[in-house]
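Here are the chains, one letter per residue:
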Amino acid sequence: MKKQKLWLIIALVALLVIGVVLGIGYYKKLTEERKNPVVTMSIKDYGTIKMELYPDIAPNTVANFIKLAQNGYYNGLTFHRVVKDFMIQGGDKKGDGTGGVTFKDLYPDSGSEDEYCIKGEFVANNYTDNTLKLDRGVLAMARGDYTQINPSLRTESYNSAGAQFFIMVKDTPRINGQYAAFGRVTEGMDIVDKIVVLETVVETDEETKETTQTDMPVNKPVIESVTVETFGKDYGEPETVAPFDYTKYLMSIYGADLFTAE
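Residues numbered from 1 in each chain as written. Predicted model: local features only at pLDDT ≥ 70, side-chain atom pairs only at ≥ 80, totals over all residues. Heavy atoms only, no water.

Go over the overall build of the protein with me, naming the residues and quoting the values.
When helices and strands are counted, the protein shows 6 helices and 12 strands. Counting only residues that meet the buried cut, the protein has 40% of its 262 residues in that class. A sequence separation of at least 24 residues applies to 69% of the contacts in the protein between residues at least 6 apart. About 15600 Å² of surface is accessible on the protein, with carbon and sulfur atoms providing 52% of the total. (Helix = DSSP H or I, 4+ residues; strand = E, 2+ residues; numbered from the N terminus. Buried < 20%, exposed > 50% of the residue type's maximum accessible area, 1.4 Å probe, protein only. Contact = heavy atoms within 4.5 Å. Areas by Shrake-Rupley, 256 points an atom, 1.4 Å probe, with all protein chains shown as cover.)

Rendered as structure tokens:
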């Protein structure tokens, strides 16, 4: 009888130990799976900005950003736009906000200079999984606004993001749900604050001599490198869409006369 009790106690202890080990293993695995990608962005003469990406709410946007970063696309580019009390914007290879991104940037071996865009993962574009607000420190994708040409071109505007991104410096509720927010600064907001107040270029009209304050810094901060720690997880290839050809669109409305010199 004593032996049976002893074996019962041993069996219960063994089951308890196995349960604890399995529980720890499961918790560790669950914790590891929940690790989001971490971006490390080194800014020349300023320091390092770290950001956490959110693949659960904007998977395609995150996949696109990671792929470009892994290919070194952002290395050497600049923050070409700063708007006080709003945001700083970078990621344009032309350095002036007019550049697009090509399949060669996404897949270097392709050699294709054709440009591409990604669909906007935000509420205004009928994507309801992304409810991240455009608050201070949030990372989001920049996009075009063709509604200035024609108010009906919302879809074309919403699906025009490629590589350019911006980092918010102030909560801005008026644009919530209108841009693909996909990450947040975890370290280095002091650097973002220094960049957003940089002196910007003043343009002078040669004829009227009137001056205009632009959003472009006189000395654009250089992004030396962007790396992403994915913790061993592959976030796949981004789905792409063809860019809106606004030149062709304007031609279809106004014809060749639009580009005829006066």
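An account of helix 5 (residues 189–196) is needed here, citing residue identities and associated values.
Three- or four-residue spacings in an α-helix give side chains the same orientation, since the helix completes a turn every 3.6 residues. Among all positions in helix 5, only Met 189, Ile 191, Val 192, Ile 195 and Val 196 are buried. Down the axis of helix 5, the smallest arc covering the buried residues is 150°, so these residues share one side. Looking at the buried positions of helix 5, the neighbouring elements they touch are strand 1 (38–43), strand 2 (47–53), strand 3 (79–83), strand 4 (87–90), strand 8 (165–168) and strand 9 (181–187). (Arc of directions from axis to C-beta.)

Hey, could you go over the pairing of strand 11 (residues 211–217) for me, with residue numbers and the actual values?
Here strand 10 (residues 200–204) runs beside strand 11; their pairing, made up of 4 bridges, is antiparallel. Within strand 11, the residue paired with Glu 203 across the bridge is Thr 212. Between the antiparallel neighbours strand 10 and strand 11 lie 6 residues, among them Lys 209 with a positive phi of about 65°. (Pairing = 2+ DSSP bridges.)

Give a detailed account of empty space enclosed by the protein, specifying residues and quantitative values.
By the definition in use, this model includes 1 cavity of 30 Å³ or more. Here the largest cavity defines a volume of roughly 30 Å³. Lining of the largest cavity is provided by Gly 120, Phe 122, Met 141, Ala 142, Arg 143, Tyr 158, Ala 161, Tyr 179 and Ala 180. Taken together, the residues of the lining of the largest cavity break down into 7 nonpolar, 1 polar and 1 charged. (1 Å grid on protein atoms, 1.4 Å probe; cavity = no way out; pocket = protein on both sides within 12 Å on 5 of 7 lines; lining within 4 Å. Points joined across faces, edges and corners; volume = space filled by probe spheres on them. Nonpolar A, V, L, I, M, F, W, Y, C, P; charged D, E, K, R; others polar.)

Residue-level account of the pairing of strand 8, with values.
For a regular strand, side-chain orientation follows a simple rule: the groups alternate between the two sheet faces. Taking every second residue as pointing to the same face, both faces of strand 8 are buried, with Phe 165 and Ile 167 on one and Phe 166 and Met 168 on the other. The sheet contact formed by strand 4 and strand 8 spans 4 bridges and is antiparallel. Among the inter-strand pairings, Gly 90 is bridged to a residue of strand 8, identified as Phe 165. Two elements, strand 7 (residues 138–141) and strand 8, share 3 bridges in a ladder whose sense is antiparallel. What sits directly across from Ala 140, in strand 8, is Phe 166.

Please provide a residue-by-residue account of the layout of surface pockets, values included.
By volume, the largest pocket is sized at about 1000 Å³. If you go around the largest pocket, you meet 34 residues; those closest to its centre are Gly 97, Arg 143, Gly 144, Tyr 146 and Gln 164. Mapped onto the lining of the largest pocket, the elements with two or more residues apiece are strand 3, strand 4, strand 6 (115–116) and helix 6 (246–254). Here the lining of the largest pocket is composed, by residue class, of 16 nonpolar, 12 polar and 6 charged.

Lay out helix 6 in plain terms, naming residues and giving numbers.
The N-capping residue of helix 6, defined by a side-chain oxygen 3.3 Å from the backbone nitrogen of Thr 247, is Asp 245. Phi for Gly 255, located one or two positions after helix 6, is positive at around 75°. (Polar contact = N/O pair within 3.5 Å; in protein donor to acceptor, adjacent residues only side chain to side chain.)

How would you summarise the side chain of Lys 67 if you had to cite specific residues and measurements?
Following the sequence through the fold, Lys 67 ends up in helix 2 (residues 59–70). Sequence-distant contacts of Lys 67, defined by excluding residues within four places in its chain, comprise Leu 106, Tyr 107 and Glu 237.

Please give an account of the nonpolar core that cites residues and values.
Note that soluble globular proteins tend to have their nonpolar side chains buried in a common cluster. If you look at the biggest cluster of nonpolar residues, it comprises 57 residues, and the most contacted ones within it are Met 41, Leu 53, Tyr 74, Phe 79 and Phe 165. If near-sequence neighbours (up to four positions away) are discounted, Tyr 74 is found in contact with Phe 65, Leu 68, Ala 69, Gly 91, Ala 163, Phe 165, Ile 223 and Val 226. (Core = buried A, V, L, I, M, F, W, Y, C linked by side-chain atoms within 4.5 Å.)

Tell me about the pattern of salt bridges, and name the residues and values.
In the structure shown here, the tally under the stated rule is 5 salt bridges. Glu 113 serves as the salt-bridge partner of Lys 104, at 3.6 Å between the closest nitrogen and oxygen. Its relative accessible area of 52% is what places Glu 113 among the exposed residues. For the salt bridge of Arg 136 with Asp 193, the shortest nitrogen-to-oxygen distance reads 2.8 Å. With a gap of 57 residues between them, Arg 136 in the loop between strand 6 and strand 7 and Asp 193 in helix 5 connect regions that are remote in the sequence. (Salt bridge = Lys/Arg side-chain N within 4 Å of Asp/Glu carboxyl O.)

Mind laying out the packing of aromatic side chains, listing which residues take part and the relevant values?
Under the criterion given, the structure shown has 12 aromatic pairs. With centroids separated by 5.0 Å and ring planes inclined at 85°, the aromatic side chains of Tyr 73 and Tyr 74 adopt a geometry described as edge-to-face. The burial state of Tyr 73 is the same as that of Tyr 74; both residues are buried. Each member of the aromatic cluster is reached from another via a ring pair, and the members are Phe 65, Tyr 73, Tyr 74, Phe 79, Phe 165 and Phe 182. (Phe/Tyr/Trp six-rings, centres within 6.5 Å; stacked < 30°, edge-to-face > 60°.)

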